[in-house]
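So the chains spell out like this:
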Amino acid sequence: MSIESLGYKEWEGQKHGRFYKVLSLVDYEVRHAWSSIWVKILIIIAWLPVLIIFLVPVTEISEEGVDRAFYNLVSFTTSITIWLPIMAGLIGGGLIANDKNNKMFSMYFSRPLRREDYIAGKVGGFAVLMSIPTIVPALIIYIVLIGKSDLSLLVFIKKSWLLGAAWLYFILLIALFGSLVLFLSSVVTDSKYAVVGLFTIVILSDLIANLLWLASDNEIYRLGSLTFNLENILAEFLGIDQSTLQLADQQNGGVGGLVSAWKSLVVIVGITSFMSVLTLLRLLSLEEE
């Protein structure tokens, strides 16, 4: 169905550039997702570390305490918990599925908007919303640590790599979940299925990988777990002592450092790239329908 058959008339007023079109899409997706009460609740949960840092006594913020406090709060915010994949699904589940249901593809891909602009708008909207509970709190936590401590500015400049490492991890996290949820959104007709699908992928990857690991006693099978890979990468980025992690793993069954974090990084980047290609191919097929 062409845009002419829908009663489309070419706009005769002032035309804006491509950047404005992408920005408009980002603005629409952010406003639409923010209208969900569940998204607001989950973002509030993610901001709890910002509130907790105000309760940390100044006397506990020593140079070593900066590492410990920042790691604890960042890991609380970024670790894969029950709400994070649900939040990614709530934000991104309808990005493409809703356009299929309301026939917006007839408008988008009849040349008022290029395919790459459409993708940039969808990815941009998802990235902005996911940065609210991740990148922004990390920055505020770091600033509050500076303000509450008696340490010199040089100490915090020296420790600034922590903030950069956390941000790098957040970007990787957003890219992974973005690629997964956009693909799911392109193949389902209801955004709820994308939420369930993303959560199922995380759970099944952990379950299957752990079963294979326990059955074979081979650590390499843990690379099949999304949770293990992400926490393994987080430990490497923040410089957590691997021997400490291994001891905790033996005692609590948690994530250990026995598998190289760089192998986990290759797995996550590979999954993200593969799902991104599948999403592009799916969008091409939708244009032809």
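Residues numbered from 1 in each chain as written. Predicted model: local features only at pLDDT ≥ 70, side-chain atom pairs only at ≥ 80, totals over all residues. Heavy atoms only, no water.

Looking at unusual backbone geometry
Moving on, step 1. Phi at Asp 217 is positive, roughly 60 degrees, even though this residue is not glycine.
Moving on, step 2. By secondary structure assignment, the location of Asp 217 is in the loop between α12 (191-216) and α13 (226-237).
Moving on, step 3. For Asp 217, a relative accessible area of 67% puts it in the exposed group. (Helix = DSSP H or I, 4+ residues; strand = E, 2+ residues; numbered from the N terminus. Buried < 20%, exposed > 50% of the residue type's maximum accessible area, 1.4 Å probe, protein only.)

What about the nonpolar core?
Side chains of nonpolar character tend, in soluble globular proteins, to be buried together.
Moving on, step 1. Formed by 60 residues in total, the largest nonpolar core has its most connected members in Phe 126, Tyr 169 and Phe 177.
Moving on, step 2. Here the element with the most residues in this core is helix α11 (residues 161-187); it accounts for 15 residues. (Core = buried A, V, L, I, M, F, W, Y, C linked by side-chain atoms within 4.5 Å.)

Quick word on the environment of Ala 175
Moving on, step 1. Within the secondary structure, Ala 175 is located in helix α11.
Moving on, step 2. For Ala 175, a relative accessible area of 34% translates into the label partly exposed.
Moving on, step 3. Distance in space between the C-alpha atoms of Ala 175 and Met 130 is 10.0 Å, their sequence separation being 45 residues.

Here we look at helix α8 (residues 115-131)
Moving on, step 1. End to end, α8 covers 24 Å across 17 residues, agreeing with the expected 24 Å (1.5 Å per residue, within 8%).
Moving on, step 2. Buried within α8 we find Asp 117, Tyr 118, Gly 121, Lys 122, Gly 124, Gly 125, Phe 126, Leu 129, Met 130 and Ser 131. (Expected span 1.5 Å × (residues − 1).)

Some remarks on the side chain of Ser 205
Moving on, step 1. When you line up the elements, Ser 205 lands in helix α12.
Moving on, step 2. Sequence-distant contacts of Ser 205, that is, excluding residues within four places in its chain, are made with Gly 224, Ser 225 and Leu 226. (Contact = heavy atoms within 4.5 Å.)

Brief notes about the packing of α11 against α12
Moving on, step 1. Two elements in contact, α11 and α12, have axes separated by 9 Å at closest approach and are oriented at 135 degrees. It follows that α11 is oblique to α12 by the angle criterion. α12 is crossed by α11, and the crossing has right-handed handedness. Listed contacts from α12 to Phe 177, Leu 180, Val 181, Leu 184 and Ser 185 of α11 are Ala 194, Gly 197, Leu 198, Ile 201 and Val 202. (Axes fitted to C-alpha atoms, helices over the stretch in contact; angles between N-to-C directions. Parallel < 35°, antiparallel > 145°, perpendicular 65-115°, else oblique. Left-handed = near helix turned anticlockwise from the far one by under 90°.)

Notes on the environment of Ser 24
Moving on, step 1. By the secondary structure assignment, Ser 24 is in helix α1 (residues 18-34).
Moving on, step 2. Under the relative-accessibility criterion, Ser 24 is labelled partly exposed at 32%.
Moving on, step 3. A C-alpha to C-alpha distance of 9.7 Å links Ser 24 and Gly 125, two positions 101 residues apart in sequence.

Some points on the pattern of salt bridges
Moving on, step 1. Tallied over the entire structure, the rule returns 3 salt bridges.
Moving on, step 2. Between Lys 122 and Glu 29 there is a salt bridge; the shortest N-O distance is 2.5 Å. Taken together, the residues Lys 122 in helix α8 and Glu 29 in helix α1 connect sequence positions 93 residues apart.
Moving on, step 3. Residue Lys 122 is classed as buried on the basis of its relative accessible area, which comes to 2%.
Moving on, step 4. For Glu 219, the salt bridge is made with Arg 222, and the minimal N-O distance between the two is 3.5 Å. Each member of the pair Glu 219 and Arg 222 is classed as buried. (Salt bridge = Lys/Arg side-chain N within 4 Å of Asp/Glu carboxyl O.)

Points about the side chain of Ser 179
Moving on, step 1. Relative to the elements of secondary structure, Ser 179 occurs in helix α11.
Moving on, step 2. Those residues in contact with Ser 179 that lie beyond four places of it in its chain are Thr 272, Met 275, Ser 276 and Thr 279.

Let's talk about α13
Moving on, step 1. Between its first and last C-alpha atoms α13 spans 16 Å; for 12 residues at 1.5 Å apiece the expected length is 16 Å, and the two agree.
Moving on, step 2. Among the 12 residues that make up α13, 10 are buried, leaving the element largely enclosed by the rest of the structure.
Moving on, step 3. Within α13, burial applies to Leu 226, Thr 227, Phe 228, Asn 229, Leu 230, Asn 232, Ile 233, Leu 234, Ala 235 and Phe 237.
Moving on, step 4. By the N-cap criterion, in which a side-chain oxygen at the helix start approaches the backbone nitrogen of a residue two or three places on, α13 is capped by Ser 225, the distance to Thr 227 being 3.4 Å.
Moving on, step 5. Gly 239 lies just past α13 and shows a positive phi near 70 degrees. (Polar contact = N/O pair within 3.5 Å; in protein donor to acceptor, adjacent residues only side chain to side chain.)

Overview of the confidence of the model for the protein
Moving on, step 1. Per-residue pLDDT for the protein averages 78, and the proportion of residues at 70 or more is 76%.
Moving on, step 2. Taken element by element, the predicted model of the protein shows its lowest mean pLDDT in helix α14 (residues 242-252) (43) and its highest in α12 (90).
Moving on, step 3. Overall, residues 242-257 carries pLDDT values under 50, and its contacts beyond four positions in sequence, including any with other chains, amount to 25 contacts. (pLDDT = per-residue confidence, 0-100.)

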